[in-house]
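Structure at a glance
Here is what each chain is made of, one letter per residue.
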Amino acid sequence: MVRGLKRRDRGPHFAAMSTPSTKCPICGKPASPGARPFCSTRCAQVDLGRWLNESYRVPVADSDDGQDAGVADETERERTQSG
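From a predicted model like this one, the values you see are computed outputs, not experimental measurements. For every chain, the first residue of its written sequence is number 1, and the numbers climb from 1 along that sequence. In keeping with the model being predicted, local features are shown solely for residues with a pLDDT of at least 70 and side-chain atom pairs are shown and tallied solely at 80 or more, while totals for entire chains, interfaces and linings include all residues. Values reported for side chains reflect all heavy atoms of the structure, with hydrogen atoms and water molecules removed beforehand.

1. Side note on the packing of aromatic side chains
Pairing of aromatic rings covers Phe, Tyr and Trp, the last counted by its six-membered ring, and requires centre-to-centre distances within 6.5 Å; plane angles under 30 degrees mean stacked, over 60 mean edge-to-face, and any other angle means tilted. Within this structure, the stated rule accounts for 1 aromatic pair. With centroids separated by 4.8 Å and ring planes inclined at 65°, the aromatic side chains of Trp51 and Tyr56 adopt a geometry described as edge-to-face. Overall, the relative accessible area of 52% leaves Trp51 in the exposed class. For every residue, the accessible area obtained with a 1.4 Å probe (protein chains only) is divided by the maximum for its type, and the residue is called buried under 20%, exposed over 50%, and partly exposed between those limits. By relative accessible area, Tyr56 is classed as partly exposed at 31%.

Structure below.
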């Protein structure tokens, strides 16, 4: 519970966090208040393992014109100059 705030003063985002209709992203069961957004600590650990094993990835489109390499080179130069 948020101390010092009455239920009506917490805002709509707080109500969305506490609704029991939120489903666990791993197994789909209703989320548990103690392990939100997961249903249990087991599902939370499964999710953490997926992050650590790099199972979750952001898709990146490869560019043929080499723009990505130029950005990486500039970033590397900035690191070596500041250090």
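Having put the structure on the table, let's press on.
2. Notes on the confidence of the model for the protein chain
Close reading of the predicted structure is inappropriate where its pLDDT is low. Put simply, the protein chain has an average pLDDT of 75, and 52% of its residues get 70 or more. Mean pLDDT in the protein chain bottoms out at helix α1 (residues 12–17), which sits at 51, and peaks at helix α2 (residues 41–52), which reaches 94. Here pLDDT means the predictor's own confidence in every residue, given as a number from 0 to 100. The secondary structure listing takes helices from DSSP runs of H or I that are at least 4 residues long and strands from runs of E that are at least 2 residues long, numbered from the N terminus.

3. A short note on unusual backbone geometry
Leaving glycine out, the prevailing phi sign among residues is negative, and the prevailing peptide bond configuration is trans. Cis peptide bonds are those with omega within 30 degrees of zero, and the linkage from Arg36 to Pro37 qualifies with 10°. Relative to the assigned elements, Pro37 resides in the loop between α1 and α2. Here the phi dihedral of Glu54 falls at roughly 60°; this positive angle occurs in a residue that is not glycine.

4. Looking at α2
For α2, spanning 12 residues, the distance from its first C-alpha to its last is 16 Å, which sits close to the expected 16 Å at 1.5 Å a residue. Phi turns positive one or two residues past the end of α2, at Glu54, with a value near 60°. Take the residue count of a helix, subtract one, and multiply by 1.5 Å to get its expected span.

5. Quick word on the side chain of Asp47
If you trace the backbone, Asp47 turns up in helix α2. Only four residue types enter the tally: Lys and Arg on the positive side, Asp and Glu on the negative side; His and the chain ends are excluded. A pairing counts as a salt bridge when a side-chain nitrogen of Lys or Arg comes within 4 Å of a carboxyl oxygen of Asp or Glu. No salt bridge is formed by the buried Asp47, whose closest oppositely charged neighbour, Arg50, lies at an N-O distance of 5.7 Å. Pairing of N or O atoms within 3.5 Å defines a polar contact, subject to two protein rules: one partner must be a possible hydrogen donor and the other a possible acceptor, and residues neighboring in sequence count only if both atoms are side-chain atoms. One polar contact links Asp47 to Tyr56, side chain to side chain, over a distance of 2.8 Å. Once residues within four sequence positions are removed from consideration, Asp47 is found in contact with Ile26, Phe38 and Tyr56. In what follows, residue pairs with any heavy atoms lying within 4.5 Å of each other are defined as contacts.

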